[in-house]
Each structure stands twice: as structure tokens, then as C-alpha cells.
Amino acid sequence: MRQKTSAAPETGAGLGDNMAEIDHLVIGAATLEAGAAWLERHLGLRPIPGGAHPGVGTHNMLLGLGPDQYIEIIAPDPAQATPAHPRPFDLDDPALKLALEAEPQLIAYVAATPAIEAVVARLGASHAGEVRAMRRGALSWRMAFPPQRQDMGNLIPPLIQWDGARAAAQIPDSGWRLTGLEAQHPDMDALRQAIAARGLAEAVKLRESPNARLVAHLRHQDGREAVIASS
């Protein structure tokens, strides 16, 4: 994964440990078909069609991880014009584009919060990003992406607040569950502070490493286990 500048210090005191929780994992792919085939090789199931994100330049497929979490495969949408802003999750980054041409990979995760405006106001837009309204079909949500080079290699998650029911509740259950998420980075102090500021200290395990890397551990109800990670 691309190495990025460490985030500046943030103040998270008073936000509460339950401010956010892991909503979904994000698999980047050059094409949705490549991403679907990759996920099927790793987990034995094919994701279901999602849809397009109008104006964002992406589309997706989905795999349910129970009532509260899911996996999203995201790729540039060839049916859309080049968007006005860079595609999310660094999909337009030349290094990542080259890596995804070779093979899809885990590139990010997203954290759900019930009060996105309050959280962004507390953290500041320079760290949490600006809240943007988004829609795909009948689903609508608000999302805030950390500014580029402030996300520590996609280890600091975008925040999402669903308008109504969360998407996970509408996706068929695959039988897989997320049992652990690990973020690796050389600057542990900055990463620990940013994760704690979002109430995710108990949800994400941190490990010092020379490079930014995200590792997800999953277990199926039949006992199978799998690991998916960024490069």
C-alpha cells in the first residue's frame, strides 16, 4: 500500500468509546469482475451486484457479513464520465491503479457513526474531511473522507452515517464474519490517537510496521478461516 504522511495530532477526548464501529471492508479492483473472481477464490462465494455511485465514478458489488457488516468491492465505473473529484479510496492513485491491475486487494475500511456532523466538527475538517451526501439506488448516506495524505495509508477510516437502515441489513448473509481487523504503520502514536479519537480503539488492533498495511481476519460459520490484506 502507498506510504503516506502521518496525520497531525487530533483531540478525541470526550467523544466516547462507542462513537463509531466498523461498517464495511473495501476491496479495490481494476474491474468489478476481477474483484468478484478474487473474492470468490478467497471466500468461496460470489458477491451480489450493488450499483453505481453517480458522479463519483465508481460502482460496486457486495458480500454480507451478518446484519451489521459487509464487504464492498469497488472499481472505476466505465459507464460514467471522469468525475470532478478524485475517486474515493485512492482509486486514481497511479501506484494503486498499477497494483490493482495485477490483483484486487483490501484497500480500506469504513466506520459507521450515528452523529457524523458532530464527530467531524469535533475532529475538524482538516482531519475528518467534509461531510458529503451520497446515494445508490434506494440507499442514501452521508460520508466524510480524511483529506488526502491525512489518512495514514487508508488506515484512518472514512466515516459514514446511513439515512435509515444500514446497507448490511439488506445484503444476504454469506455466513462469514469479521473476527479481527489489524492496522500496521510505523507511526504508532499518531495512528493510535486517530483511531481512539473515532472510538475505534477496541475495534482495530494496531501493530508497528515499516509500511502501512491493513489485515482482516474472517471466519465462516462452518469453521473455515480466511485472511485478506493490503499489499
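Definitions and limits used
Residues numbered from 1 in each chain as written. Predicted model: local features only at pLDDT ≥ 70, side-chain atom pairs only at ≥ 80, totals over all residues. Heavy atoms only, no water. Core = buried A, V, L, I, M, F, W, Y, C linked by side-chain atoms within 4.5 Å. Buried < 20%, exposed > 50% of the residue type's maximum accessible area, 1.4 Å probe, protein only. Contact = heavy atoms within 4.5 Å. Salt bridge = Lys/Arg side-chain N within 4 Å of Asp/Glu carboxyl O. Helix = DSSP H or I, 4+ residues; strand = E, 2+ residues; numbered from the N terminus. Phe/Tyr/Trp six-rings, centres within 6.5 Å; stacked < 30°, edge-to-face > 60°.

We now examine the nonpolar core. Residues Leu-25, Ile-71, Tyr-109, Leu-181, Val-204 and Ile-228 are the most contacted members of the largest nonpolar core, which totals 47 residues. Those residues within four positions of Leu-25 in sequence are excluded, and the remaining contacts are Tyr-70, Ile-71, Glu-72, Leu-106, Ala-108, Tyr-109, Leu-178, Leu-181, Ala-216 and Ile-228. Core analysis: the next-biggest nonpolar cluster, separate from the first, contains 22 residues, Leu-62, Ile-74, Leu-100 and Ile-171 among them.

Here the idea is simple: oppositely charged side chains can pair when their charged atoms come close. Under the criterion given, the structure shown has 12 salt bridges. For the salt bridge of Glu-21 with Arg-166, the shortest nitrogen-to-oxygen distance reads 2.6 Å. Of the two residues, Glu-21 is situated in strand S1 (residues 21-28) and Arg-166 in the loop between strand S8 (159-162) and strand S9 (176-185); the sequence distance between them amounts to 145 residues. With a relative accessible area of 42%, Glu-21 lands in the partly exposed category. Glu-33 is the salt-bridge partner of Arg-46, the closest N and O atoms lying 2.6 Å from each other. With Arg-46 in the loop between helix H1 (32-43) and strand S2 (48-53) and Glu-33 in helix H1, this residue pair connects regions lying 13 residues apart in the sequence. When its relative accessible area of 49% is taken as the criterion, Glu-33 is described as partly exposed. Salt bridges sharing partners connect three or more residues here, namely Glu-21, Asp-23 and Arg-166.

What follows deals with the packing of aromatic side chains. Within the structure shown, the criterion is met by two aromatic pairs. Pairing Phe-89 with Phe-145 gives two aromatic rings, centres 5.3 Å apart and planes at 70°, and the pair type is edge-to-face. Of the two residues, Phe-89 is situated in the loop between strand S4 (70-76) and helix H2 (94-102) and Phe-145 in the loop between strand S7 (139-144) and S8; the sequence distance between them amounts to 56 residues. The exposure class of Phe-89 is buried, given its relative accessible area of 6%. Ring centres of Trp-141 and Trp-162 lie 5.2 Å apart, and the angle between their planes is 55°; on these two criteria the pair is classed as tilted. Here the residue Trp-141 occupies a position in strand S7, and Trp-162 occupies one in strand S8, the gap between them amounting to 21 residues. Under the relative-accessibility criterion, Trp-141 is labelled buried at 6%.

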